[in-house]
Amino acid sequence: MEGQLYLKTSETNLGVIRQLFLSATKPAIMAETMDPLAPSVNNSSLTPSLMNKLRMRFSSGSTPRPLGDGYVEFGEFRSQAPGIKKVGTFAGVFCPVVLSMFSALIFIRMGYLVGNAGTLVTLAQFGMAYLIVGFTVMSICAISTNGAVEGGGVYFMISRTLGPEFGGAIGTLFFFANVVSSALCISACTEALVENFGPNGYLVGDSPGLPNGEWYRFLYRSVLNTVGLSVSLAGASLFARTSLAIWVTMVVCLASAFLSFFITAPGNIERPATNQLVNITSFKYTGLSISTFYENLYPKYGRDYSTEDGDLVDFASVFGVLFTGVTGVMAGANMSGELKSPSRSIPLGTLTALLFTGLSYVALTFLTAATCSRDLLQNNYVYLLPINIWSPFIAVGMLTATFSAGLSNLIGASRVLEALAKDNIFGFILRPMVTRSGNPVLAVIMSWFLVQIGIISGSLNDIAQVNSVLFMTSYFAINLACLGLDLASAPNFRPTFKHFSWLTSLLGLVGCAALIFGLRPAYACGVALACCSLVVALHFLSPAASEPKWGSLSQALIFHQVRKYLLLLDPRREHVKFWRPQMLLLISSPRQAAPLIDFVNDQKKGGLFVLGHVRVGELDGSGDPLASEHKYWLKLIDHLKVKAFVELCLAESVRSGAAQLTRLAGLGAMKPDTVLLGFRDTATPKDFFRDPTSPYKTEQFDLDSGEIIFPTRTTVSTRISASEYVRILTDVLCVNKNLCLCRNFHTLDMAAVERRSSNLKFIDVWLVELLTPSREEAFSVRALFALQLAAVVRSARGWQHLRLRVHVVDATPLYADQYDSMESAVERSNPSLSPGRPVHERLEELLKLLRISATTHTVPEWPAIEDFGQWSEASYETGSTFSRVPKSYLQRVNAIIRNRCNDGTAVTFVQLPQPPKLPPRASNADESLCEQYLSVLDDFTKDLSPTILVRGLKSVTSTAL
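Treat the numbers as computed from the prediction; the structure is a model and nothing was measured. (Residues numbered from 1 in each chain as written. Predicted model: local features only at pLDDT ≥ 70, side-chain atom pairs only at ≥ 80, totals over all residues. Heavy atoms only, no water.)

### So, the overall build of the protein chain
Across its full length, the protein chain carries 34 helices and twelve strands. Of the contacts made within the protein chain by residues no fewer than 6 positions apart, 83% connect residues no fewer than 24 positions apart. Carbon and sulfur atoms make up 60% of the accessible area of the protein chain, which amounts to about 40600 Å² in all. (Helix = DSSP H or I, 4+ residues; strand = E, 2+ residues; numbered from the N terminus. Contact = heavy atoms within 4.5 Å. Areas by Shrake-Rupley, 256 points an atom, 1.4 Å probe, with all protein chains shown as cover.)

Okay, structure coming up:
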């Protein structure tokens, strides 16, 4: 009854009525899903396993959002909400990127860089940083010009490319990178505030000014962070529009710094009050001098006076601070939700900002090295203040650059957090972050709170190290995503940005990895561990991973590689030494065949497993009638946890469909060589999906509408006819496929097998031909095929504790040429197996040669068939064989096998008698003949343990190396 093929009524008229009803009652939203520009959405839910239950718990309380809500795929066109004003390239990308890149570096830490690393190393570090950032910008431009970009910026790009698991993990790290960067800029702004307005500050002179101290600085940082919160709550568009004014202000301040190098006369610059590391009170400013330039040409690392203990500076710490000056390149991408045309604005604005900041850094490096002594640079990081033509210029530049960069990162962090929430990456944890007002208030508050935690660390240089590692990890992910898209050769990857290639992504990826692990291996390992842990956690727990609504790059890469290796898998080079089972299991209803499907999954031994199903019907022009059913078969695969493919066939008859599946299932050299069918009997089917004691119990195939997916056979009349069933068997053998009939598998308790129940001890193999029993049968190709299948089952995990028993008879061949027809390649190559020795000795020698651990058992009580001389091959031609088989003989054979099964047999393998040869044209006489054949099989295997009747045609054993 398991997996039995029976006629599944097409119910054409009822189906038409149902289709008309469904088409009339479908919601209007279906029109949107049929839009060729819209992405395909997979709404399938996975099996409620332990991990799925955790995932469901993780997403508890969620309400399904209507299509179009939340974040979309690349290329899906969304209408802009009325009343929301967007910004252009200059104000929305160029200005935020410049402000974010300059941040703390341009006015506050250039002296730290040049004074310790020297001109050559500083320029080399800028070159490395800009090279990596340049390659990364190429990748950003390629991805952003490959389709519509929504809010969330870089996270949106990564997640839509790498999928929810990797995208969510990298997006989370990128969120924390923005938080840390905001904390860095707030700390830099506080430092600028104290240097200018603190005790003995440059703008207050000898007056007391603002009080200084650890807790006072924390208070200033908190106030600045709260001001940033207020601006963020007012809306990102407000900041984007004010960024133009801030940028103009900063450019004026920077221009005054450049002019000051040429105008300010040489002199002594006093030590700042914040430097308590040295006792020298002043340092020399030389003005433009070639000797000063040569003095600052090479590195000479000193101590960092901004740290509590004056930590020694090295190459890695300098690069960590310098890299903060290029991390702001993402600011424009983070504002993607506020841009009029993100695909145009992000590449143009980012590249021009990169060029502008790069020229500014190089110019400032040369002018600083040519005018300031090394002692001045190492002991006064804000040297631009005292040498400026008017100090308030630099003070304003410091405050505006650092505060605007911190504000930009705070807004960027909130947008990434909102995107994570809308994509349902973390389920109910981030659900309150979603808002329909356009400004994610709760996301902004959460980002502000985390920045507040980050500013507890007062050292700007210490924060800079963590910040650089997090951003380099984000850059690594962006380059990885773009490289994968290019290598996958996805037809839909057609960026309009043409200055990109796989080589630029590869260089950016390798550069990021080399720098992060070469300079800060401990930080790099920590970030890598956190990222991998997030990927694993999101894969098992994230609701977005359970119902992905966008494509994953891993699937495209897998397809690319599988196709390549399938082409390399040449069927002409197959060898028996490397044979493995490749199974096609034809079933009617998985409800009644769940244990059989589970068993075949163990039997395949790393080979191919295809579930085949035939529906009787024909195409009527209204669409694919199997499309709606296919998704349930995929859910079945997940529910049963089997590694199988699904092949569904629509045919005029079950036989025709089975023939199509037998011939066409598989791809290339990966085609099934063994076909398994359920046994045609009258046993009442068992519904394993509804049985409360069944390990396969589930309700996901009982729909709320009352429809039952995979209905079981209810009456004997729904079975296919005996002649059609037997013709399916002959068709399988005709195309040279091995054949297996499976019976009584509804009694197989796979859970008992796995828990090593004491009631299950053996796997039995009967190397006896039912109608022509002979001691030579054990050495035939068909017998060795059954032996190989049994050995494969025993080697599977969960079956290894069972012992293999091989049963043979010691009867002579029935006719003279029988031995020649059964002689196997193994026997021909091993003279020790030739006739003349006792059969059990020969069999033990064969098992030894095949490296199969089994015990041999001779069955002396096997009965003889009356009228012995009439059984010959010719009798199969006429079909008279099965009508003359004595029922008493079959009952006696059945009793012998059943007695052995009572010892504790889990599965029994027996030989399948050759089916009768039927004429090409069907006739009424065929049904009677086929009923006789099936009656013989029924009496032969009645009430046995789960039994497989095997008819092997191919040699699958080898004794050679």
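### A few points about the nonpolar core
In terms of nonpolar packing, the biggest core is built from 140 residues, with F107, M110, L113, F323, M330 and Y383 touching the most fellow members. By residue number, the principal contributor to this core is helix α7 (residues 154-197), which donates 19 residues. Once residues lying within four places of it in the same chain are set aside, the contact partners of M330 are T136, I140, V154, F174, F471, Y475 and I478. Among the nonpolar cores identified, the runner-up in size contains 69 residues, and A644, F779, A790 and A906 belong to it. (Core = buried A, V, L, I, M, F, W, Y, C linked by side-chain atoms within 4.5 Å. Buried < 20%, exposed > 50% of the residue type's maximum accessible area, 1.4 Å probe, protein only.)

### Some points on empty space enclosed by the protein
Evaluation of the coordinates by the stated rule reveals six cavities of 30 Å³ or more. The calculated volume of the largest cavity comes to roughly 60 Å³. Lining the largest cavity are A316, F319, G320, Q465, S468, V469, M472, L515, I516, L519 and R520. Broken down by secondary-structure element, the contributors of at least two residues to the lining of the largest cavity are α11 (315-323), α18 (460-487) and α19 (502-519). Ranked by residue count, the leading element in the lining of the largest cavity is α18, at four residues. Among the residues making up the lining of the largest cavity, the classes are represented as seven nonpolar, three polar and one charged. (1 Å grid on protein atoms, 1.4 Å probe; cavity = no way out; pocket = protein on both sides within 12 Å on 5 of 7 lines; lining within 4 Å. Points joined across faces, edges and corners; volume = space filled by probe spheres on them. Nonpolar A, V, L, I, M, F, W, Y, C, P; charged D, E, K, R; others polar.)

### Overview of a negative patch on the surface
A grouping of E214, E308, D309, D311 and D462 is seen on the molecular surface, where their side chains present a negatively charged patch. Within the fold, D311 resides in the loop between α10 (290-295) and α11. (Patch = residues over 30% accessible without salt bridge, like charges linked within 9 Å, V, L, I, M, F, W, Y side chains within 5 Å. Salt bridge = Lys/Arg side-chain N within 4 Å of Asp/Glu carboxyl O. Lys, Arg positive; Asp, Glu negative; His and termini not counted. Charge placed at Lys NZ, Arg CZ, Asp CG, Glu CD.)

### Digging into the packing of α11 against α18
Close contact between α11 and α18 brings their axes to 8 Å; oriented N to C, the two are set at 70°. With respect to α18, the element α11 is oriented roughly perpendicular. The element α11 and its partner α18 pack so that their crossing is left-handed. Two secondary-structure elements touch here, α11 through A316, S317, F319, G320, V321 and F323 and α18 through N461, A464, Q465, S468, F471, M472 and Y475. For the contact of α11 with α18, the per-class residue count stands at eight nonpolar, five polar and no charged. (Axes fitted to C-alpha atoms, helices over the stretch in contact; angles between N-to-C directions. Parallel < 35°, antiparallel > 145°, perpendicular 65-115°, else oblique. Left-handed = near helix turned anticlockwise from the far one by under 90°.)

### Quick notes on unusual backbone geometry
Residues other than glycine seldom take positive phi values, yet S103 does so here, at roughly 30°. Mapped onto the secondary structure, S103 falls in the loop between α4 (89-102) and α5 (105-108). The backbone of N424 sits at a positive phi, close to 60°, despite the residue not being glycine.

### Focus on the pairing of strand β5 (residues 645-651)
Judged from the seven bridges that link them, strand β4 (residues 608-616) and β5 form a sheet pairing that is parallel. The residue of β5 that forms the bridge with G612 is E647. Since β4 and β5 lie parallel, the crossover through helix α24 (residues 627-640) that links them has a hand, and here it is right-handed. (Pairing = 2+ DSSP bridges. Right-handed = clockwise from strand over helix to strand, strands pointing away.)

### Points about the side chain of N738
Here N738 lies in strand β7 (residues 738-743). Classification of N738 by relative accessible area gives buried; the value is 0%. Side-chain polar atoms of N738 contact the backbone nitrogen of L953, separated by 2.7 Å. (Polar contact = N/O pair within 3.5 Å; in protein donor to acceptor, adjacent residues only side chain to side chain.)

### Some remarks on the pattern of salt bridges
According to the stated counting rule, one finds 27 salt bridges in the structure shown. Between D687 and R591 there is a salt bridge; the shortest N-O distance is 3.2 Å. Within this pair, whereas D687 is found in the loop between β6 (674-678) and α26 (722-734), its partner R591 is found in the loop between β3 (582-586) and α23 (594-603), the two being separated by 96 residues in sequence. By the burial criterion, D687 is buried, and R591 matches it. A salt bridge links D764 to R805, with the nearest nitrogen and oxygen atoms 2.7 Å apart. Taken together, the residues span a long stretch of sequence, with D764 in strand β8 (residues 762-766) and R805 in strand β9 (residues 803-808) at a distance of 41 residues. For the pair D764 and R805, a shared accessibility class is recorded, and that class is buried.

### Focus: the side chain of T172
Relative to the elements of secondary structure, T172 occurs in helix α7. Judged by its relative accessible area of 9%, T172 is buried. Side-chain polar atoms of T172 contact the backbone oxygen of G168, separated by 2.6 Å. Dropping the residues within four chain positions of it, T172 is found in contact with L420, F426 and L534.

### Focus on the packing of aromatic side chains
Overall, the coordinates contain 32 aromatic pairs when judged by the stated rule. Between the aromatic rings of F174 and F471, the centroid separation amounts to 6.0 Å while the plane-to-plane angle is 85°, which identifies the pairing as edge-to-face. Taken as a pair, F174 in helix α7 and F471 in helix α18 lie far apart in primary sequence, 297 residues in all. Assigned by exposure class, F174 and F471 land together as buried. Centroid distance F701 to F710: 5.3 Å. Interplanar angle 55°. Geometry classified as tilted. Assigned by exposure class, F701 and F710 land together as buried. One aromatic cluster in this structure is built from F90, F94, F102, F126, Y130, W247, F356 and Y361. Above the face of the F762 ring, R805 is positioned so that its terminal group lies 3.9 Å from the ring centre. (Phe/Tyr/Trp six-rings, centres within 6.5 Å; stacked < 30°, edge-to-face > 60°. Lys NZ or Arg CZ within 6 Å of the ring centre and 35° of its normal.)

### Details of the state of the cysteines
Here the structure, examined in full by the defined rule, presents zero disulfides. Summary of cysteine pairing: C189 is not part of a disulfide, and the nearest cysteine sulfur, belonging to C185, is at 9.1 Å. C742 supplies the cysteine sulfur nearest to C740, a cysteine that is in no disulfide, at a spacing of 6.2 Å. (Disulfide = S-S within 2.5 Å.)

### Focus on the sheet that holds strand β12 (residues 947-951)
The mixed open sheet is built from ten strands, whose spatial order is β5-β4-β3-β6-β7-β12-β11-β8-β9-β10. Bordering the open sheet on either side are β5 and β10 (855-858), each of which pairs with just one other strand. On average, each strand axis in the sheet is inclined to that of its neighbour by 25°, with strand direction left out of account. Note that β6 and β7 share five bridges and pair parallel.

### Here's the deal with the pairing of strand β2 (residues 282-285)
Because side chains alternate across β2, one face comprises the buried residues F283 and Y285, and the other comprises S282 and K284, none of which is buried. Bridge count for strand β1 (residues 267-270) against β2 is four bridges, and the pairing is antiparallel. Looking at β2, one finds that E270 is bridged to S282.

### Things to note about the environment of Y285
Turning to its location among the elements, Y285 is positioned in strand β2. For Y285, a relative accessible area of 1% corresponds to the buried category. Separated by 89 residues in the primary sequence, Y285 and R374 place their C-alpha atoms 9.6 Å from one another. Look past the residues within four positions of Y285 in its chain and what remains in contact with it is S260, F261, T264, A265, P266, G267, I269, T371, C372, L376 and I387.

### What to know about helix α31 (residues 839-849)
Among the residues of α31, V839, R842, L843, L846 and L847 are the ones counted as buried. Along the long axis of α31, the arc covered by the buried residues comes to 140°, so they all point the same way. Where α31 terminates, the next one or two residues include R851, which has phi positive at roughly 55°. (Arc of directions from axis to C-beta.)

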